[in-house]
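# A structural walkthrough
Each chain is listed here by its residues.
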Amino acid sequence: MTGLPAVTAPVLAEALDALPGRLRKKVDDAVARAGGWPVTGGAGEVTVQVDDATTVTLVATDGVVRDAAAARCSCLLAPNCLHRVAVLALAPVDDSAPVDDSAPVDPAPETVGPAAVAVPGPTSGSAAEAPVGPPVGGELTERQRAAAAGLWQVAVTVLAAGIVGCGVVLRTALLRAVHEARANGLHRVAATGTRVAVGLRAARAAEPQYRLTDLTDDLRELLAVSRRLRGTGLPAGELGHLLGTARRAYDPQAGLRLYGLCAVPVVADSGYGGVVTYLVDRDGRLWTVADLAPGDVGRAAGAGDSAVAVGESGLSHRQLTRAGLVVSGGTASASGQLGTGRSVRAVRAGGAGWADDPLVGLWAQPLADQVRRAFAASALPVPERPAGADLLFLTVRVLGTHENTVLAATGDGGVLTLTVADEHAELAHRHNLRLLGQAVGVELRLVGRLDPTRRATVQALAVAPVPASGPGLGLPESWAGHVDLGYDRLHHSQLRTAGEPASTPVGGQRPGTGDPALRLLRRHLERVVSGGRAVQALADSSQRGLRRARLDLGAYLLGAMSVAARARPRDPFGRVTDDDGQAFAESWLALAVYEEAASRALAEASWLP
């Protein structure tokens, strides 16, 4: 079902709470049926036709349904009916507050990757009184600690249930806890919780962009951060890192001369879509300008042709990547995100090719230095990452395709795996990568995002042919010598290959694969996320194989998780009772943190000599 306005989490929770217990058991089936109901209407009022006699009407304010009374059904059981809840459950969730147009919204963490967007917290009611930044005196308030504890408990329940057990009721409980966390200034954990909720929904709906590995990483962060926040005695220096921010601070900047580099479409799990454009100044520093707003992949696909909001240059984001800007009266965050306030003045200027100064200097940096910088940046919370710090600038030669990826060789003989940055079919990533895999022997300059969990793997964002007499790419003059892989669509006629057969890596080893023992640990973690605690209780812990691989700590943690999964307390009469799942969640979290650190260390070692 498409065309529905966004719905705030409290509205969905209120509608679900109003259902009788006998109807709650039928919510998931009702949501499945509701996917085929036709939707009509515009942004202000949308009508969903359930059958010949029943309709559900949603009235939106500024594109969002903000009150439960704004969702009405014409059936006899309304308002406590399944039709109303099913439609609200299918609508995208919006938990943001109205934004002041004079101040740029913090687009993190989506400025560097398709994960989620940090959204400003509510500004009305009791939420308006909640702190937005680190608490005064370096201590969490009781309300903040209670919100973190509530989110932790819901995350524990989600882990125990797994994807198979996370229906609408449990996802709504998670969204309610996320809303409470955001209202009390816990922005980082709220953004992560939103990603988990969206990932669970995508998994249940079998959406093509769903990835179990992403959901596992998000659930690990949700548990880790909420566990820290619900505790006591936090060092004052960690609070800002754990709380996150609703908005970034923007400081005045002296006159900037900027050159366009590339534009990357963004589709956030939290319901935001748009584009991030990377720019380079005379000194080679990277800057970004973003256009992110509530929307889906359709908005991201069209945002490349939207006007850049910095000054009145009249350039679209795609045009800006082939041109430049002179900015005066500008503002920017410490990470390099340009502000879009009314005082900013910007005029169009000439651009630079990737083989010209100052852009060519990005590819002159030693690979080892780039890898260390990218791994260091990927370990930081996304709002704290300098613009483009997780990007790699590589010169590669295409070797061919491997499954759904492209193999490429670096100048020193290393083999990389190039993957798509986004799986949505509406974007050009997969189409372009498939064609590039056929351009065997072509040398390219590549802008890619490091994948910190896979061996020598890069998400390809943009490419440019290296001028040579051999095979290459024939690009239109309007593309100014490079291809933004998310927006520009290559054609077979543009490939000028040498007709070489695709080569294979030395020794036949598949690039992008890591240590088999660590992959085994990862499968155990993802199996729990998919099937819940009950699946792990029946699984073989495989500790012997891990100890043979010298992963003694990993074997111990996996064994502890298996024991916790099977543990069932009994009452004084010997009857099995249920526990709160805390011990199992903590054992899973310990193993997940270990696996993530070990995989990151292995991936970094695979890049460096």
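Residues numbered from 1 in each chain as written. Predicted model: local features only at pLDDT ≥ 70, side-chain atom pairs only at ≥ 80, totals over all residues. Heavy atoms only, no water.

The subject of this paragraph is the overall build of the protein. If you tally the helices and strands in the protein, you get 19 helices and 21 strands. By sequence separation, contacts in the protein at least 24 residues apart represent 66% of the contacts at least 6 residues apart. Carbon and sulfur atoms form 53% of the exposed surface of the protein, whose accessible area is close to 25,400 Å². (Helix = DSSP H or I, 4+ residues; strand = E, 2+ residues; numbered from the N terminus. Contact = heavy atoms within 4.5 Å. Areas by Shrake-Rupley, 256 points an atom, 1.4 Å probe, with all protein chains shown as cover.)

Looking now at the packing of aromatic side chains. Evaluation of the coordinates by the stated rule reveals 2 aromatic pairs. Put simply, the rings of Trp354, Trp363 and Phe393 touch in pairs and so form one group of aromatic residues. The residue whose ring lies beneath Arg285 is Trp287, and the NZ or CZ to ring-centre distance is 4.0 Å. (Phe/Tyr/Trp six-rings, centres within 6.5 Å; stacked < 30°, edge-to-face > 60°. Lys NZ or Arg CZ within 6 Å of the ring centre and 35° of its normal.)

Turning our attention to unusual backbone geometry. Along the chain, Ala78 connects to Pro79 via a cis peptide bond; the corresponding omega equals 5°. Backbone geometry places Ala206, a non-glycine residue, at a positive phi of 55°. Note on placement: Ala206 falls in the loop between α7 (187–204) and α8 (212–230). Ala206 gets classed as exposed once you look at its relative accessible area, which sits at 63%. A positive phi angle is found at Ala456, which is not glycine, with a value near 45°. Mapped onto the elements of the fold, Ala456 is located in the loop between β17 (443–450) and β18 (457–465). (Buried < 20%, exposed > 50% of the residue type's maximum accessible area, 1.4 Å probe, protein only.)

This paragraph deals with the pairing of strand β11 (residues 324–328). Strand direction decides the pairing type here: strand β8 (residues 256–267) and β11, joined by 4 bridges, are antiparallel. In the strand pairing of β11, Tyr259 is matched with Gly324. Pairing analysis gives 5 bridges linking β11 to strand β13 (residues 345–349), with the strands arranged antiparallel. Counted as the bridge partner of Ser328 is Arg345 from β13. (Pairing = 2+ DSSP bridges.)

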